[in-house]
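# Structure assessment
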Amino acid sequence: MKQDHYIRPNCRLCDSPNLSLAVALPSTPPCDAYVTKDQLGQQQKKYGLDIHQCNDCGHFQLRDVVSPEILFGSDYSYFSGRT
């Protein structure tokens, strides 16, 4: 089975492993993962939103990386103005 997310071990900007938790936030379902009224009581898969800071370059970032298939699957509702 393909993994749906992973925790990035290094900084997205400078590749340093020297990251610190800056803001702890609760896990949440992906944005645009809307449910019907009948599905409101069902458990949804949640992903981390903790914000980390690189102690070397200062960049703030999420370490949780969610699969594009989860974020931009067949129900993705954004369409650009370009055709």
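Report follows, based on the coordinates. What you see is a predicted model; the values in this text were computed from it and never measured.

This part takes up the layout of surface pockets. Volume-wise, the second largest pocket comes out at about 150 Å³. Taken together, Thr-28, Pro-29, Pro-30, Cys-31, Tyr-47, Gly-48, Leu-49, Leu-62, Asp-64, Val-66 and Leu-71 make up the full set of residues lining the second largest pocket. Its residues assigned to classes, the lining of the second largest pocket comprises eight nonpolar, two polar and one charged.

Let's shift gears to the sheet that holds strand 4 (residues 60-62). Strand-to-strand pairing in sheets goes through backbone hydrogen bonds, with the strands running parallel or antiparallel. Strands sit in the order 2-3-4 across an open sheet of three strands; the sheet is antiparallel. Two strands close off the open sheet at either side, each with one partner strand: strand 2 (19-23) and strand 4. Pairwise comparison of adjacent strand axes, ignoring direction, gives a mean angle of 45° for this sheet. Pairing between strand 3 (residues 51-54) and strand 4: three bridges, direction antiparallel. In the strand pairing of strand 4, His-52 is matched with Gln-61.

Parameters at a glance
Residues numbered from 1 in each chain as written. Predicted model: local features only at pLDDT ≥ 70, side-chain atom pairs only at ≥ 80, totals over all residues. Heavy atoms only, no water. 1 Å grid on protein atoms, 1.4 Å probe; cavity = no way out; pocket = protein on both sides within 12 Å on 5 of 7 lines; lining within 4 Å. Points joined across faces, edges and corners; volume = space filled by probe spheres on them. Nonpolar A, V, L, I, M, F, W, Y, C, P; charged D, E, K, R; others polar. Pairing = 2+ DSSP bridges. Helix = DSSP H or I, 4+ residues; strand = E, 2+ residues; numbered from the N terminus. Axes fitted to C-alpha atoms, helices over the stretch in contact; angles between N-to-C directions.

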